[in-house]
Amino acid sequence: MKKNERKKGKVMFIFLCFLIFTLSFIGSALFKITHKPAWAKEFSVEWNDWIGTVYHDLSYGDQPANTFDLYVPSDNTKENYGLVVYLHAGGFTSGDKADDAEILQWLCSKGYVAAGINYTLRTEENEASVYSQSLEIKQSIPFIVEEAQKRGYHLNEMAISGGSAGGTLAMLYAYRDADQSPLPVKLMFEMVGPASFHVEDWGIYGLDQQTEEAYTAAAGLFGVMSGVKLTSDMVKSQEYLTHMKPISAYQWVNEHSVPSVLLYGTHDKVQPYQGVRHLVDALEKHQVDYAYFEAPHSGHGVQNDDKVFQQFMETVVEYLKTYMPVQS
């Protein structure tokens, strides 16, 4: 095979890995919108003015995507309110805060101020990465606090959550950035977000193969996600792991980390189920209060384990009551 043909093959392999990764995340995000088990009605409301008000597309930065939606309860008589942020799915390349209106409305109906945040999505025209997106989330929180205050809601604590890509961004804020938050972070809950980036775990994309093509593909995919130019030699020597720390949530867990509720599907073909063990091990090591749920018959959409999904949501409610109760 000629040299330029081999190079073209490697480029195509990287492209295909990234394309499959992106499309799979998009598909799972759509699934979460359409999949409505019977028990889910407990976690939704018929939104109206008696419950609350939503303010759309408030700005928090200079980029077009730097907007958030703010949901405030109709009762504005309390001295303090807890904030719950929910970050949207979409493989870091698609999705919108509007996709999560239902869960944000439900959280608001419980007495919380809730916020959905848009962040700059990765496209062929920009260099957005998981790292840059996480910095945008960090940037947005003071604006949310200020906006809520303007509207008569004093925020004194927060929880952060998300699904898939949003789950990763939620973990990064909770574990990496909580000590710089304008509000004490009391809880993190998320579903199927990648928490680690070890090539041996990413066999769903062939990145666990000890071949030059696999090293090159890993460098391409992980480089896009981290925003760092990686090489196959860096992957081969394990040097890449140093550059992955800024987006590897598990590496930021310590004895001060917030209580966490996690849900993963054991047949996940989008983000590697095996990778979550690093997060669970870190939570165990540092004795963080956490609840971990496995969906044994499901993939990324947790579509075949309604009972497990229900237990996850019920546990989220219990953790919210324990760590961030609504002021009476």
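Scoring rules and cut-offs
Residues numbered from 1 in each chain as written. Predicted model: local features only at pLDDT ≥ 70, side-chain atom pairs only at ≥ 80, totals over all residues. Heavy atoms only, no water. Core = buried A, V, L, I, M, F, W, Y, C linked by side-chain atoms within 4.5 Å. Buried < 20%, exposed > 50% of the residue type's maximum accessible area, 1.4 Å probe, protein only. Helix = DSSP H or I, 4+ residues; strand = E, 2+ residues; numbered from the N terminus. Expected span 1.5 Å × (residues − 1). Contact = heavy atoms within 4.5 Å. Salt bridge = Lys/Arg side-chain N within 4 Å of Asp/Glu carboxyl O. Phe/Tyr/Trp six-rings, centres within 6.5 Å; stacked < 30°, edge-to-face > 60°. Lys NZ or Arg CZ within 6 Å of the ring centre and 35° of its normal.

**Describing the nonpolar core**
Turning to step 1, where the next piece is worked out: Of all hydrophobic cores here, the largest spans 67 residues; its most connected members are Ile160, Tyr175, Phe222 and Leu279.
Turning to step 2, where the next piece is worked out: Examining the composition of this core, we find that eight residues originate from one element, helix H4 (residues 165–176), more than from any other.
Turning to step 3, where the next piece is worked out: Core analysis: the next-biggest nonpolar cluster, separate from the first, contains 33 residues, Ala40, Tyr86, Tyr112 and Ala159 among them.

**Looking at helix H9 (residues 306–323)**
Turning to step 1, where the next piece is worked out: An ideal rise of 1.5 Å per residue puts 26 Å on 18 residues; H9 measures up with 25 Å between its terminal C-alpha atoms.
Turning to step 2, where the next piece is worked out: The complete set of buried residues in H9 reads Val308, Phe309, Gln310, Phe312, Met313, Thr315, Val316, Tyr319 and Leu320.
Turning to step 3, where the next piece is worked out: Close packing links the buried residues of H9 with strand S3 (81–87), helix H2 (101–109), strand S5 (155–163), strand S6 (185–191), strand S7 (260–265) and strand S8 (290–295).

**Concerning the pattern of salt bridges**
Turning to step 1, where the next piece is worked out: Counted according to the given criterion, the structure contains seven salt bridges.
Turning to step 2, where the next piece is worked out: The salt bridge involving Asp177 is made with Arg176; its shortest N-O contact spans 2.8 Å. Neither Asp177 nor Arg176 differs from the other in exposure class; each is buried.

**Structural notes on the packing of aromatic side chains**
Turning to step 1, where the next piece is worked out: A full pass over the atoms with the stated rule returns 12 aromatic pairs.
Turning to step 2, where the next piece is worked out: Between Trp47 and Tyr71, the ring centres sit 5.8 Å apart and the planes meet at 75°, which makes this aromatic pair edge-to-face. In this pair, Trp47 is assigned in the loop between helix H1 (3–34) and strand S1 (52–59) and Tyr71 in strand S2 (residues 67–73), connecting sequence segments 24 residues apart.
Turning to step 3, where the next piece is worked out: Relative to Phe222, the ring of Phe197 has its centre 5.6 Å away and its plane inclined at 75°; by these criteria the two rings are edge-to-face. Remark: Phe222 occurs in helix H5 (residues 212–226) and Phe197 occurs in the loop between S6 and H5; sequence separation between them is 25 residues.
Turning to step 4, where the next piece is worked out: Three or more aromatic residues link up through ring pairs in this structure, and these residues are Phe197, Trp202, Tyr205, Phe222 and Tyr240.
Turning to step 5, where the next piece is worked out: The aromatic ring of Tyr55 is capped on one face by Arg151, whose charged end is 3.7 Å from the ring centroid.
Turning to step 6, where the next piece is worked out: Here the guanidinium or amino end of Lys245 rests over the ring plane of Trp252, the centre of that ring lying 4.7 Å away.

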